[in-house]
Amino acid sequence: MKYYFLFIVAFSLAFFVANSQERYLNEIVDTVDIGTYTYVVKDGEQLNMDIYQPMYDAEFERPVIMYVHGGGFEGGARDEPSIKEFCKKMARRGYVVASVSYRLTRKGTDTGFGCDCPANAKMATFDKVVEDLQDATYFLIEQREMLGIDPQKIILSGSSAGAEAVLNTAYTSPTCYDLESGPVAYAGVIAMAGAIPDLNRIYDESAIPSMLFHGTCDDLVPYGTAPHHYCKEDDAGFLVLNGSSVIAEKLQSLDTPYWFYTVCGGDHSVAVSPMIDYFEEIMQFCFDYAINGENNQIHTVVSEAQECDLETYNYCN
């Protein structure tokens, strides 16, 4: 296992310039086909996904990137303009991309998903979204021949609430779908400002290659170990979460590959900014770690001209 620590202020994308139009690193098509599918019906609600595919693509065992939107489990949508553009850009490189809706269990509630939302309701929300994403995964695997996908190459990705959703889903033991290729584990996870309540869910059999983006000044989803939304201990919504820095430490201890982006001074906007600012790095992670099985551990530190009252870290000084 190799471990790298990089400190950069300006990161050059020249490193990622490919010598040729290589599938999954470079665009291979100009146009993308988009179809909408219902993957399950729950509580009387159709849960849909938009599937993006490179047009006129002859490949039949393509990796899948499943994207899960944010919105505090009470808002957001799978087809927001920025999400559609993100998914199209990935599909033009040869991926099948699924942008997934899920049950917004806090929508229309008086307490939302903040400090007035009871901690047990937050945990129930996490449980339900994991259930939904597992159903979405099952749908993709069932339709693998129609979609031309490799069920062993499903990569989860998400922002904010979607990052919490994919992290809680990703670190599960391989699931048996009666495939000749054997039980299915996710090929990787990309989480933009996410966290999990129980670090013990990451262990030898459940740990997978991970790309983590997080700002040290995120006051909603903690960068380290802290209460969700930094709620006070006597708040109904007091729930301690483990953010990206702690997840990376656990992955390092398990010799599991990861690429961790710390944004010193970054706030919760890091939940969406990597989709534009670090798109090439995301594509490189998918190609190197999820598809080709590279075994590196990288911590990249970038700095923003912003300070906050939250915990500071030596590598940000």
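Here, every reference points to the structure presented above.
Described in the following lines is the structure provided in the data block.

Digging into the overall build of the chain
Within the chain one finds seven helices and 13 strands. The C-alpha radius of gyration of the chain comes to 19 Å, within 12% of the 20 Å expected for a compact globule of 317 residues. Once the C-alpha set of the chain is aligned to its principal axes, its extents read approximately 55 × 50 × 35 Å. Split into buried and exposed, the 317 residues of the chain put 56% on the buried side.

Here's the deal with the nonpolar core
Nonpolar side chains in soluble globular proteins tend to end up buried together. Ranked by internal contacts, the top residues of the largest apolar core, which has 56 residues, are Tyr 39, Met 49 and Leu 140. Element by element, the count of residues in this core is highest for helix α2 (residues 119-142), at eight residues. When neighbours within four sequence positions are excluded, Met 49 is seen to be in contact with Gly 35, Thr 36, Tyr 37, Tyr 39, Arg 78, Ala 98, Ser 99, Val 100, Ala 136, Phe 139 and Leu 140. By size, the runner-up hydrophobic cluster in this structure holds 36 residues, among which are Val 270, Met 275, Phe 285 and Val 302.

Considering the packing of aromatic side chains
Using the criterion set out here, one finds 16 aromatic pairs in the structure. Between Phe 73 and Phe 126, the aromatic rings sit 6.0 Å apart at their centres with planes inclined by 75°, giving edge-to-face as the arrangement. With Phe 73 in the loop between β4 (62-68) and α1 (81-91) and Phe 126 in helix α2, the pair connects residues that are 53 residues apart, well separated along the chain. Relative accessible area serves as the criterion here: at 2%, Phe 126 is assigned to the buried category. Residues Phe 86 and Phe 279 carry aromatic rings whose centres are separated by 5.9 Å and whose planes lie at 80° to one another, so their mutual orientation is edge-to-face. One end of the pair, Phe 86, is in helix α1; the other, Phe 279, is in helix α7 (residues 279-291), and 193 residues separate them in sequence. With respect to class, Phe 86 is no different from Phe 279; both count as buried. Linked through ring pairs, Phe 73, Tyr 102, Phe 113 and Phe 126 together constitute an aromatic cluster.

Things to note about the packing of α2 against helix α4 (residues 161-170)
For the pair α2 and α4, interaxial distance at closest approach is 9 Å and the crossing angle is 70°. Comparing their axes, α4 and α2 come out roughly perpendicular. Contacts between α2 and α4 involve Phe 126, Val 129, Val 130, Leu 133 and Gln 134 from the first element and Glu 164, Ala 165, Val 166, Asn 168 and Thr 169 from the second. In the contact of α2 with α4, the residues fall into six nonpolar, three polar and one charged.

A closer look at the sheet that holds strand β10 (residues 225-227)
Pairing in this open sheet of three strands is antiparallel, and the strands run β8-β11-β10 from one edge to the other. The open sheet terminates on both sides in strands that have one partner only, identified here as β8 (195-196) and β10. Bridging between β10 and strand β11 (residues 240-243) involves three bridges; their strand directions are antiparallel. In the sheet register, Thr 225 faces β11, and the bridge partner there is Asn 242.

What to know about the pattern of salt bridges
Enumeration according to the criterion identifies 12 salt bridges in this entry. A salt bridge links Arg 23 to Asp 57, with the shortest nitrogen-to-oxygen separation between them at 2.4 Å. Separated by 34 residues along the polypeptide, Arg 23 in the loop between β1 (2-7) and β2 (32-42) and Asp 57 in the loop between β3 (45-54) and β4 bring together distant segments of the chain. You'll find Arg 23 and Asp 57 in the same group, each marked buried. Of the charged contacts in the structure, one is a salt bridge between Glu 280 and Arg 93, with a shortest N-O distance of 2.8 Å. One end of the pair, Glu 280, is in helix α7; the other, Arg 93, is in the loop between α1 and β5 (96-100), with 187 residues separating them in the sequence.

Some remarks on the environment of Ile 34
Tracing the chain through its elements places Ile 34 in strand β2. Since its relative accessible area comes to 39%, Ile 34 is described here as partly exposed. Residues Ile 34 and Tyr 52, spaced 18 residues apart in sequence, show a C-alpha to C-alpha distance of 4.6 Å. Those residues in contact with Ile 34 that sit more than four places away from it in its chain are Asp 50, Ile 51, Tyr 52 and Lys 88.

Quick word on the pairing of strand β12 (residues 258-264)
Burial analysis of β12 places seven of its seven residues in the buried class, which makes it a mostly covered element. Alternating positions in β12 separate into two faces, Tyr 258, Phe 260, Thr 262 and Cys 264 on one and Trp 259, Tyr 261 and Val 263 on the other, with burial throughout. Here seven bridges tie β12 to strand β13 (residues 296-303), and the two strands are oriented parallel to one another. Within β13, the position partnered with Val 263 by the bridge is Val 302.

Examining the state of the cysteines
Taken as a whole, this structure holds three disulfides when the rule is applied. Across the disulfide from Cys 217 sits Cys 308; the S-S distance is 2.1 Å. Judged by the sign of its S-S torsion, about -85°, the cystine formed by Cys 217 and Cys 308 is left-handed. Residue Cys 217 is located in the loop between β9 (210-215) and β10, and its partner Cys 308 is located in the segment after β13; the two are separated by 91 residues in the primary sequence. A relative accessible area of 27% places Cys 308 in the partly exposed class. Note that Cys 264 is cross-linked by a disulfide to Cys 316, the S-S spacing being 1.9 Å.

Quick notes on the rules
Residues numbered from 1 in each chain as written. Predicted model: local features only at pLDDT ≥ 70, side-chain atom pairs only at ≥ 80, totals over all residues. Heavy atoms only, no water. Helix = DSSP H or I, 4+ residues; strand = E, 2+ residues; numbered from the N terminus. Rg over C-alpha atoms; globule rule 2.2 N^0.38 Å. Buried < 20%, exposed > 50% of the residue type's maximum accessible area, 1.4 Å probe, protein only. Core = buried A, V, L, I, M, F, W, Y, C linked by side-chain atoms within 4.5 Å. Contact = heavy atoms within 4.5 Å. Phe/Tyr/Trp six-rings, centres within 6.5 Å; stacked < 30°, edge-to-face > 60°. Axes fitted to C-alpha atoms, helices over the stretch in contact; angles between N-to-C directions. Parallel < 35°, antiparallel > 145°, perpendicular 65-115°, else oblique. Nonpolar A, V, L, I, M, F, W, Y, C, P; charged D, E, K, R; others polar. Pairing = 2+ DSSP bridges. Salt bridge = Lys/Arg side-chain N within 4 Å of Asp/Glu carboxyl O. Disulfide = S-S within 2.5 Å.

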